[in-house]
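Geometric and topological summary
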Amino acid sequence: DTGVSQDPRHKITKRGQNVTFRCDPISEHNRLYWYRQTLGQGPEFLTYFQNEAQLEKSRLLSDRFSAERPKGSFSTLEIQRTEQGDSAMYLCASSSFVGSSHDQPQHFGDGTRLSIL
Amino acid sequence: AQKVTQAQTEISVVEKEDVTLDCVYETRDTTYYLFWYKQPPSGELVFLIRRNSFDEQNEISGRYSWNFQKSTSSFNFTITASQVVDSAVYFCALITTSGTYKYIFGTGTRLKVLA
């Protein structure tokens with residue numbers, strides 16, 4: 001168990017640029033989640049995948065955000081035309097899947113900190 | 001509406017004191033799950049405990065204990081004989097799955113344990 005890894009750890013970009021983050025979940029986990037966390041707040045759910053299927057998207061996820069998990073392993077989160085308000089820590093988590101419940105603990109990565117200049 | 005409230009923004013205690021972190025939740029679902037996570041200064045959220053809505057048994061794990069009371073919609077977390085390494089932000093979270101999936105975190109309580 002090598003844990004959830006996210007890349008890059010920190011991304012600084014100018015407003016209007018596109019950015020892409022990568023998440024590698026724990027290998028045997030088939031659920032993968034993306035969250036956004038701003039200073040002093042708890043993580044906010046963005047979207048989740050079960051294998052390669054994106055099953056849920058939060059209303060927080062505007063049209064500028066897109067996530068993929070093409071082979072049911074790693075996932076990417078892309079933000080197009082970044083805005084100041086996109087500055088945050090983007091967290092990825094993975095979990096195993098038992099039945100239809102979501103009660104399995106999520107294992108989080110260290111996050112990607114996005115700073116928009 | 002689904003909601004998690006952690007009213008204590010920051011708590012400071014002296015090492016070896018006991019401390020309780022409060023968590024109050026709101027949901028209309030009868031089936032839900034409650035979690036506590038720890039976020040140390042390094043940033044990675046670490047799972048501590050899970051409870052489902054049908055299991056009101058309190059739990060003790062070493063210096064940690066959890067008190068789940070459906071009657072008051074609370075899921076409080078107590079650290080006994082706190083240590084400096086307990087310093088972190090602690091998040092309570094609620095998962096409900098009726099309708100759309102919702103995983104709702106509280107705003108967290110920052111615990112500072114002073115030597």
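Here the structure is shown first, and the text comes after it.
All of the points below concern the structure found in this document. Computed from a prediction, not measured in an experiment: that's the story for all the values here. (Residues numbered from 1 in each chain as written. Chains lettered and ligands numbered in written order. Predicted model: local features only at pLDDT ≥ 70, side-chain atom pairs only at ≥ 80, totals over all residues. Heavy atoms only, no water.)

Some points on the interface of chain A and chain B
Put simply, the rule reads: By definition, residues are in contact when any of their heavy atoms lie within 4.5 Å. Take a side-chain nitrogen of Lys or Arg and a carboxyl oxygen of Asp or Glu: if they are within 4 Å of each other, that pair is a salt bridge. Pairs of N or O atoms are called polar contacts if they sit within 3.5 Å, as long as, within protein, a hydrogen donor faces a hydrogen acceptor (for residues adjacent in sequence, only side-chain-to-side-chain pairs). Only DSSP runs of H or I reaching four residues or more are called helices, and only runs of E reaching two or more are called strands; each is numbered from the N terminus. Gly is put with the polar residues, along with every residue not named as nonpolar or charged; the nonpolar set is Ala, Val, Leu, Ile, Met, Phe, Trp, Tyr, Cys and Pro, and the charged set is Asp, Glu, Lys and Arg.
Listed by partner, the interface residues are 21 residues for chain A and 18 residues for chain B. At the surface where chain A touches chain B, the tally comes to 0 salt bridges. Run the count over chain A and chain B and you get 2 residue pairs in polar contact (both at pLDDT 80 or more). With 3 residues, the top contributor of residues to the side of chain A that touches chain B is strand 4 (residues 31-37) of chain A. Here the residues of the side of chain A that touches chain B are counted per class, giving 8 nonpolar, 9 polar and 4 charged.

Some thoughts on the nonpolar core
All names here are of chain B. Rules: Among buried residues, those of type Ala, Val, Leu, Ile, Met, Phe, Trp, Tyr and Cys that are joined through side-chain atoms within 4.5 Å constitute a nonpolar core. Three labels apply to residues, based on accessible area from a 1.4 Å probe with only protein chains included: buried if under 20% of the type maximum, exposed if over 50%, partly exposed otherwise in between.
The biggest cluster of nonpolar side chains holds 25 residues, and the ones touching the most others in it are Trp-36, Trp-66, Phe-77, Tyr-90 and Leu-111. Take this core: its biggest share by element is 4 residues, from strand 10 (residues 88-96). Residues in contact with Leu-111, not counting those within four places in the same chain, are Ile-11, Val-13, Val-19, Ile-79, Asp-86, Ser-87, Ala-88 and Tyr-90.

Describing the state of the cysteines
Residue and element names in this part refer to chain A. Operational definition: Cysteine sulfur atoms are paired as a disulfide whenever they come within 2.5 Å of each other.
Taken as a whole, this structure holds 2 disulfides over all chains when the rule is applied. Two residues, Cys-23 and Cys-92, share a disulfide whose sulfurs are 1.8 Å apart. With the S-S dihedral at roughly -70°, the linkage between Cys-23 and Cys-92 falls on the left-handed side. In this pair, Cys-23 sits in strand 3 (residues 19-24) while Cys-92 sits in strand 9 (residues 88-95), placing the two residues 69 residues apart along the sequence.

Looking at the packing of aromatic side chains
Our working definition: Two aromatic rings from Phe, Tyr or Trp, using only the six-membered ring of Trp, form a pair when their centres are within 6.5 Å; if the ring planes differ by under 30 degrees the pair is stacked, by over 60 it is edge-to-face, and anything between is tilted. Our definition puts a charge over a ring when NZ of Lys or CZ of Arg is within 6 Å of the ring centre and also within 35 degrees of the ring normal.
Applying the stated rule across the entire model yields 26 aromatic pairs over all chains. Ring centres 6.0 Å apart and planes at 20° place the aromatic pair Phe-35 of chain B and Tyr-37 of chain B in the stacked group. Aromatic pair Phe-68 of chain B and Phe-75 of chain B: ring centres 5.7 Å apart, planes at 75°, arrangement edge-to-face. Look at Phe-68 of chain B and you get buried, because its relative accessible area is 3%. Of the aromatic side chains, those joined through ring pairs into one cluster are Tyr-33, Tyr-35, Phe-45, Tyr-48 and Phe-108 of chain A together with Phe-35, Tyr-37, Phe-47, Phe-91, Tyr-103 and Phe-105 of chain B. One cation-aromatic arrangement involves Arg-22 of chain A over Phe-74 of chain A; the distance from NZ or CZ to the ring centre is 3.9 Å.

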